[in-house]
Amino acid sequence: MALLEVNEVWAGYDARVDILQGMSLTVEEGEIVCVIGPNGAGKSTVFKAIYGLLGVRKGAVTCGGHDITNIRPQDALSKAGITIVPQLRSVFPQMTVHENLELGMYLTTDKARIERQIAYVYDLFPRLKERAKQAAGTMSGGEQRMLEIGRALMWEPKIVLMDEPSAGLAPIVTKQIFASIRRLNAEIGLTVLMIEQNARQGLQASHRGYVMELGKKTYEGDAEDLLANPNVRRAFLGG
């Protein structure tokens, strides 16, 4: 049984128009899976349907064998173990790195547990420990993205949804972020479902991938196979 399964989901922003038209995908525990496709393909809509930000009209979403179709967003973490790193910057700029991490444990008032989890994130990202007392908004874009990922890991989720982790970052920083994702996957078995406009780097950092067009998957398979597929290369990889 897959950890996360999106099964024949139909969903949209208007009851008369479905953006997702029978979209299906799976993510196994310990996998990194990347969804690529052109703008308007429905990639972000998949995330919204999983996380309960958009109503599913037909089909089902399951996580850990439990039906979470149309789960309330406020329950996605506590009941399903799903957390999200959004595309747009989500750090609280006036708050310190440490304070931002504390917000990742907003569901508990257990101070000892909060400090244990912060120590856990600092061990994963020593750079954040060095910046613990620094205002998050004064850090570089790559450091802020690192903080967002660290905050998403505070509750030790089953799966992390990452929406365009490379968005707005310089190429060298993008490589560092993808390297961090692969390292976390290797070291702690982090399970990731990501959307990535940088199709080549997204697939290179992943085990498997899906190509979406017009609300449906058009290709799926091992990331290496998609990178070598002539149709995928021609349409999305500039080859």
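Caption draft 1: Spatial organisation of the sheet that holds strand 10 (residues 216-222). The six strands are arranged 6-7-8-3-9-10 in an open sheet whose pairing can be described as mixed. In this open sheet, the two edge strands, each paired with only one partner strand, are strand 6 (82-85) and strand 10. Each neighbouring strand pair of the sheet contributes to a mean axis angle of 20 degrees, computed without reference to strand direction. The pairing of strand 3 (residues 32-36) with strand 8 (residues 192-195) spans four bridges and is parallel. For isoleucine 32, the partnering residue across the bridge sits in strand 8 and is valine 192. Each of strand 6 and strand 7 (159-163) is contacted by helix 6 (residues 141-152), which is oriented at about 170 degrees to strand 6, the strand it contacts most.

Caption draft 2: Highlighting the pattern of salt bridges. Tallied over the full model, the rule gives eleven salt bridges. The partner of glutamate 130 in a salt bridge is arginine 131, with the nearest N and O atoms 3.8 Å apart. On the basis of relative accessible area, glutamate 130 is assigned to the exposed category, the value being 58%. The exposure class of arginine 131 is partly exposed, given its relative accessible area of 23%. Within this structure, Arg127, Glu130, Arg131 and Glu143 form a network of salt bridges that share partners.

Caption draft 3: Inspection of the packing of aromatic side chains at higher detail. For the structure shown, the criterion picks out zero aromatic pairs. When the ring centre of phenylalanine 125 is taken as reference, the NZ or CZ atom of arginine 183 above it lies at 5.8 Å.

Caption draft 4: Broad picture of the side chain of threonine 83. Summarising the element assignment, threonine 83 is placed in strand 6. Judged by its relative accessible area of 9%, threonine 83 is buried. Setting aside residues up to four positions removed in sequence, threonine 83 forms contacts with Tyr51, Leu77, Ala152, Pro157, Ile159, Val160 and Leu161.

Caption draft 5: Spotlight on the environment of valine 232. Position of valine 232 relative to the elements: it lies in helix 10 (residues 230-236). Remark: the alpha-carbon pair of valine 232 and alanine 199, spanning 33 residues in sequence, is separated by 9.7 Å.

Caption draft 6: Spatial organisation of the pairing of strand 2 (residues 20-27). Along strand 2, six of the eight residues are buried, which leaves the element largely enclosed by surrounding structure. Relative to strand 2, strand 1 (residues 4-11) runs antiparallel, the two being bridged by six bridges. Considered in strand 2, the bridge of glutamate 5 is made with threonine 26.

Caption draft 7: How the structure looks around helix 4 (residues 111-124). Between its first and last C-alpha, helix 4 extends 20 Å over 14 residues, near the 20 Å set by a 1.5 Å rise per residue. Taken residue by residue, helix 4 has Ile114, Gln117, Ile118, Val121, Tyr122 and Leu124 as its buried positions. Viewed end-on, helix 4 has its buried residues packed into an arc of 155 degrees, placing them on one side of the element. Of the exposed residues in helix 4, those oriented more than 90 degrees away from the buried face are Arg116 and Asp123. Structurally, helix 4 contributes buried residues whose contacts are with helix 3 (97-103), helix 5 (126-130), helix 6 and helix 7 (171-188). A side-chain oxygen of the first residue of helix 4 lies 3.2 Å from the backbone nitrogen of alanine 112; this N-cap is aspartate 110.

Caption draft 8: Molecular detail of the state of the cysteines. Scanning the model with the defined rule gives zero disulfides in all. Cysteine 34 carries a free sulfur, and the closest cysteine sulfur to it, the one in cysteine 63, is 19 Å from it. Residue classification places cysteine 63 among the buried positions, given a relative accessible area of 2%.

Caption draft 9: A look at the sheet that holds strand 2. Strand order in this open sheet of four strands is 2-1-4-5, and the pairing throughout is antiparallel. A single partner strand is all that each edge strand has here, and the edge strands are strand 2 and strand 5 (66-67). Lying over the sheet, helix 1 (residues 43-51) contacts strand 1, strand 2 and strand 4 (56-63), oriented at roughly 75 degrees with respect to strand 2.

About the thresholds
- Residues numbered from 1 in each chain as written.
- Predicted model: local features only at pLDDT ≥ 70, side-chain atom pairs only at ≥ 80, totals over all residues.
- Heavy atoms only, no water.
- Pairing = 2+ DSSP bridges.
- Helix = DSSP H or I, 4+ residues; strand = E, 2+ residues; numbered from the N terminus.
- Axes fitted to C-alpha atoms, helices over the stretch in contact; angles between N-to-C directions.
- Contact = heavy atoms within 4.5 Å.
- Salt bridge = Lys/Arg side-chain N within 4 Å of Asp/Glu carboxyl O.
- Buried < 20%, exposed > 50% of the residue type's maximum accessible area, 1.4 Å probe, protein only.
- Phe/Tyr/Trp six-rings, centres within 6.5 Å; stacked < 30°, edge-to-face > 60°.
- Lys NZ or Arg CZ within 6 Å of the ring centre and 35° of its normal.
- Expected span 1.5 Å × (residues − 1).
- Arc of directions from axis to C-beta.
- Polar contact = N/O pair within 3.5 Å; in protein donor to acceptor, adjacent residues only side chain to side chain.
- Disulfide = S-S within 2.5 Å.

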